[in-house]
Amino acid sequence: MPNDEQVHLAAEGFRLLADPTRIKILWALLQGESSVACLAELVGAAPTAVSQHLAKLRLAGLVRGRREGTFVHYSAADTHVRALLAEALFHADHADRNLPDHPRGDAVAHQHTVPAGTPV
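Residues numbered from 1 in each chain as written. Predicted model: local features only at pLDDT ≥ 70, side-chain atom pairs only at ≥ 80, totals over all residues. Heavy atoms only, no water.

### What about the environment of F71?
Next up, step 1: You can see F71 is positioned in strand β2 (residues 71–76).
Next up, step 2: For the pair F71 and S35, spaced 36 residues apart in the sequence, the C-alpha separation amounts to 7.4 Å. (Helix = DSSP H or I, 4+ residues; strand = E, 2+ residues; numbered from the N terminus.)

### Some remarks on the pairing of strand β1 (residues 63–68)
Next up, step 1: In the sheet, β1 pairs with β2 via six bridges, with the strands oriented antiparallel. Across the sheet, R66 pairs through a bridge with H73, a residue of β2.
Next up, step 2: Taking the residues between adjacent antiparallel strands as the criterion, β1 and β2 are bridged by two residues, where G69 takes a positive phi near 70°. (Pairing = 2+ DSSP bridges.)

### Let's talk about the pattern of salt bridges
Next up, step 1: Scanning the model with the defined rule gives four salt bridges in all.
Next up, step 2: Residues E12 and R15 are paired through a salt bridge, measuring 2.5 Å at the closest nitrogen-oxygen approach. Note that E12 and R15 are positioned in helix α1 (residues 4–16) at a spacing of three residues, about one turn of the helix.
Next up, step 3: Classification of E12 by relative accessible area gives partly exposed; the value is 28%.
Next up, step 4: E68 is the salt-bridge partner of R66, the closest N and O atoms lying 2.8 Å from each other.
Next up, step 5: Judged by its relative accessible area of 36%, R66 is partly exposed.
Next up, step 6: In the salt-bridge network here, residues are joined through shared partners; they are E33, R66 and E68. (Salt bridge = Lys/Arg side-chain N within 4 Å of Asp/Glu carboxyl O. Buried < 20%, exposed > 50% of the residue type's maximum accessible area, 1.4 Å probe, protein only.)

### What to know about helix α3 (residues 36–43)
Next up, step 1: Within α3, the full set of buried residues consists of V36, L39, A40 and V43. All buried residues of α3 lie within an arc of 105° about the axis, which places them on one face of the element. Among the exposed residues of α3, those pointing more than 90 degrees away from its buried face are A37, E41 and L42.
Next up, step 2: Packed against the buried residues of α3 are α2 (20–31), α4 (47–59) and β2.
Next up, step 3: A positive backbone phi angle near 70° is found at G44, which sits one or two residues after α3. (Arc of directions from axis to C-beta. Contact = heavy atoms within 4.5 Å.)

In structure tokens form, the structure reads like this:
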């Protein structure tokens, strides 16, 4: 059984991911480092909104910022973020297309990859 702090942190991470714009932002950051302006264009949101989302994701430890002069370049915090998002999207793809789970029925079987064509 995980301890209370682990459960709290996991729940907080899921709460922050319960927003379509944040999922799109994280997906974009998993493709490589990006600025607020570029992310805003990619996800179809105002730069101020993207900046607010990034601040929350950064506080949760899901993204990192690297300052270069007056610009901040954001990236996904680590491989755990990639695995978490990949599994969520893999599950959504299976649920959307009513596909069965992998015969082994575990996350390892999925190799933490998102199927080609998964909409994000």
